[in-house]
Amino acid sequence: MSNYKVDENGYYGKFGGAYIPEMLHPHIEELKNNFRHIIAEEEFQTEFSSLLKDYVGRPTPLYYASRMSELYQTNIYFKREDLNHTGAHKVNNTIGQILLAKRLGKTRIIAETGAGQHGVATATVCALMGLECIVYMGAKDVERQAPNVNRMKMLGAKVEAVHSGSKTLKDATNEAIRDWINNPDTYYLIGSVVGPHPYPEMVALFQSVISDEIKWQLKEKTGSEFPDAVIACVGGGSNAAGAFYHFTNHPNTRLIAVEAAGEGVNTGKSAATTALGSIGILHGSKSLMMQTVDGQIVEPHSISAGLDYPGIGPFHAHLYDTKRGEFYSATDEEAVKSAYELTKLEGIIPALETAHATAILKKLKFKKEENVVINLSGRGDKDLATYISYINE
Ligand SMILES: *Cc1c(COP(=O)(O)O)cnc(C)c1O
């Protein structure tokens with residue numbers, strides 16, 4: 001069996017590494033040389049766990065969904081990341097990185113965001129720590145995501161609208177990297193298991209609290225630490241990486257990743273990276289991405305802003321490449337229907353991203369005695385308008 005931990009050069013199999021401008025090498029070296037020993041320090045661990053407990057509200061429950069279990073004739077458990085402060089898993093990572101940034105002596109935090117969810121999670125922890133926060137966001141996204149822009153502003157962040165290129169996420173990323181090159185005292189806070197090494201590993205570590213908890217919670221409920229399957233949606237891949245983390249070397253646990261098919265994998269309006277992508281360099285690492293023959297990024301499409309990303313992180317590319325992970329996709333319509341079903345049966349309105357993971361229950365059959373854990377990555381308050389208008393169209 002392959003090794004699913006990153007190697008010393010920052011690779012998962014043939015994916016990963018740090019493909020960055022020369023000027024960024026000192027910043028990345030500083031991070032690479034320090035993050036492991038900093039997060040291993042007892043004082044760091046204590047502060048991280050106490051914030052996760054008292055500020056974020058962890059541990060999040062592992063909930064046995066009896067009506068969904070009956071419908072699908074298997075045992076379905078939801079890992080309730082939707083109950084975290086700020087409504088999703090993203091805050092696990094931003095708390096970890098802000099503590100790291102402080103210990104590196106950084107006073108200014110930058111981030112990029114597409115839908116604004118990572119921007120909000122970053123602005124939140126910057127307010128918590130009293131640090132300056134600048135969030136780069138494509139001008140088009142600033143318009144589309146007004147509620148999150150307002151949240152960030154209320155939290156004290158400066159939102160920089162980026163007017164170059166397609167005015168979306170990749171342009172915001174370019175601008176954040178430019179800023180970082182020019183400002184050595186700045187910490188670049190990345191929101192998923194993407195970016196140059198060591199970010200993918202670091203973010204996965206901070207999110208691994210999810211599978212850490214699943215293990216003891218499932219043991220309490222079933223007597224076994226290991227589920228038969230873990231299901232999660234994949235944008236960049238951080239909630240999935242966190243939910244899979246402690247099970248990757250346990251072959252009896254199936255790792256099921258669900259990407260966004262948008263209007264359909266072959267419609268030209270999709271974000272199903274493993275189905276449509278090829279090897280390339282995106283956001284500073286080698287991974288799978290949607291690109292034209294001459295390497296231009298293909299604009300992704302998904303009804304859920306958080307899955308609207310043209311690639312996946314190197315850990316997931318490796319899971320896909322070695323067939324350790326099973327990759328599926330769900331369309332906009334399948335996700336919306338699944339969200340309505342989950343809401344009616346369990347009284348839980350999931351995030352649109354999350355609804356892609358639950359949608360897969362219609363396509364996969366599990367045995368009656370199997371234990372299936374679905375990572376409920378976030379809550380759906382932010383998506384209500386989309387849910388209502390989709391059904392009324
Ligand atoms: C951002 C987001 C995602 C997608 O990001 P990953 O890094 O793939 O986890 C999924 N679910 C929710 C609720 C999100 O906010």
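Structure: above.
Residues numbered from 1 in each chain as written. Predicted model: local features only at pLDDT ≥ 70, side-chain atom pairs only at ≥ 80, totals over all residues. Heavy atoms only, no water.

Draft legend 1. Expanded view of the packing of helix H4 (residues 90–103) against helix H5 (residues 117–129). H5 packs onto H4 with a crossing angle of 45° between their chain directions and a minimal axis gap of 9 Å. Considering the angle they form, H4 stands oblique to H5. Considering how the two elements wind past one another, H4 and H5 form a crossing that is right-handed. Contacts between H4 and H5 pair Lys90, Val91, Thr94, Ile95, Ile98, Leu99 and Lys102 from the former with Gln117, His118, Ala121, Thr122, Val125, Cys126, Leu128 and Met129 from the latter. Residues that form the contact of H4 with H5 fall into these classes: nine nonpolar, four polar and two charged. (Axes fitted to C-alpha atoms, helices over the stretch in contact; angles between N-to-C directions. Helix = DSSP H or I, 4+ residues; strand = E, 2+ residues; numbered from the N terminus. Parallel < 35°, antiparallel > 145°, perpendicular 65-115°, else oblique. Left-handed = near helix turned anticlockwise from the far one by under 90°. Contact = heavy atoms within 4.5 Å. Nonpolar A, V, L, I, M, F, W, Y, C, P; charged D, E, K, R; others polar.)

Draft legend 2. Up close: empty space enclosed by the protein. Counted according to the given criterion, the structure contains two cavities of 30 Å³ or more. If you add up the space inside the largest cavity, you get close to 50 Å³. Around the largest cavity, the lining residues are His27, Glu30, Leu31, Leu104, Lys106, Trp180, Thr186, Tyr187, Tyr188 and Tyr199. Classifying every residue of the lining of the largest cavity gives six nonpolar, two polar and two charged. Quantified by volume, the second largest cavity comes out at close to 40 Å³. Val194, Leu282, His283, Ser285, Ser287, Leu288, Tyr309, Ile312, Gly313 and Pro314 are the residues that line the second largest cavity. Among the elements that take part in the lining of the second largest cavity, strand E12 (residues 285–289) stands out by supplying three residues, more than any other. Broken down by class, the residue content of the lining of the second largest cavity amounts to six nonpolar, four polar and no charged. (1 Å grid on protein atoms, 1.4 Å probe; cavity = no way out; pocket = protein on both sides within 12 Å on 5 of 7 lines; lining within 4 Å. Points joined across faces, edges and corners; volume = space filled by probe spheres on them.)

Draft legend 3. View of the environment of Ala355. Position of Ala355 among the secondary structure elements: in helix H15 (residues 352–359). What makes Ala355 buried here is its relative accessible area of 0%. When the C-alpha positions of Ala355 and Glu334 are compared, they lie 8.3 Å apart, and in sequence the two are 21 residues distant. (Buried < 20%, exposed > 50% of the residue type's maximum accessible area, 1.4 Å probe, protein only.)

Draft legend 4. Structural context of the layout of surface pockets. A volume near 350 Å³ is recorded for the second largest pocket. If you trace the second largest pocket, you find 17 residues lining it, with Gln45, Phe48, Leu52, Val209 and Asp212 closest to the centre. Contributing elements (two or more residues each) for the lining of the second largest pocket: helix H2 (42–56), helix H9 (199–207) and helix H10 (209–222). Per element, the largest residue contribution to the lining of the second largest pocket is six residues, and it comes from H2. Residues that form the lining of the second largest pocket fall into these classes: nine nonpolar, four polar and four charged.

Draft legend 5. Local environment of the packing of helix H1 (residues 25–40) against H2. At their nearest, the axes of H1 and H2 sit 5 Å apart, and the two run at 70° to each other. By the angle between their axes, H1 is roughly perpendicular relative to H2. Where H1 approaches H2, its residues Ile38, Ile39 and Ala40 are matched on the opposing element by Glu42, Phe44 and Gln45. Taken together, the residues of the contact of H1 with H2 sort by class into four nonpolar, one polar and one charged.

Draft legend 6. Inspection of the nonpolar core at higher detail. Grouped together as the largest cluster of nonpolar side chains are 83 residues, with contacts concentrated most on Ile98, Leu100, Tyr187 and Tyr199. When residues of this core are assigned to their parent elements, the largest contribution, six residues, is made by H4. When near neighbours in sequence (up to four residues on either side) are disregarded, Ile98 contacts Ile109, Val125, Cys126, Met129, Leu131 and Leu189. (Core = buried A, V, L, I, M, F, W, Y, C linked by side-chain atoms within 4.5 Å.)

Draft legend 7. Region of interest: the site of the ligand. Around the ligand, the surrounding shell holds 17 residues, and the nearest of these are Lys90, Ser192, Gly235, Gly237 and Ser238. Here an oxygen atom of the ligand and a backbone polar atom of Gly235 are 2.7 Å apart. A distance of 2.7 Å separates an oxygen atom of the ligand from a polar atom in the backbone of Gly237. Expressed as a share of its isolated accessible area of 380 Å², the protein-covered part of the ligand is 97%. (Near = heavy atom within 4 Å. Polar contact = N/O pair within 3.5 Å; in protein donor to acceptor, adjacent residues only side chain to side chain. Areas by Shrake-Rupley, 256 points an atom, 1.4 Å probe, with all protein chains shown as cover.)

Draft legend 8. Region of interest: the packing of aromatic side chains. Considering all chains together, one arrives at 11 aromatic pairs under this definition. Pairing Tyr12 with Phe315 gives two aromatic rings, centres 5.6 Å apart and planes at 65°, and the pair type is edge-to-face. With Tyr12 in strand E1 (residues 11–12) and Phe315 in helix H13 (residues 314–321), this residue pair connects regions lying 303 residues apart in the sequence. By relative accessible area, which is 4% here, Tyr12 ends up buried. Exposure remark for Phe315: the relative accessible area of 6% places this residue in the buried category. The interplanar angle of 65° and the centroid separation of 6.4 Å between the aromatic rings of Trp180 and Tyr199 together place this pair among those described as edge-to-face. With Trp180 in helix H8 (residues 169–182) and Tyr199 in helix H9, the pair connects residues that are 19 residues apart, well separated along the chain. The exposure class assigned to Trp180 is buried, which follows from its relative accessible area of 4%. The ring of Tyr245 carries Lys5 above its face, with NZ or CZ at 4.5 Å from the centroid. (Phe/Tyr/Trp six-rings, centres within 6.5 Å; stacked < 30°, edge-to-face > 60°. Lys NZ or Arg CZ within 6 Å of the ring centre and 35° of its normal.)

That's the geometry; what it means functionally is another story.
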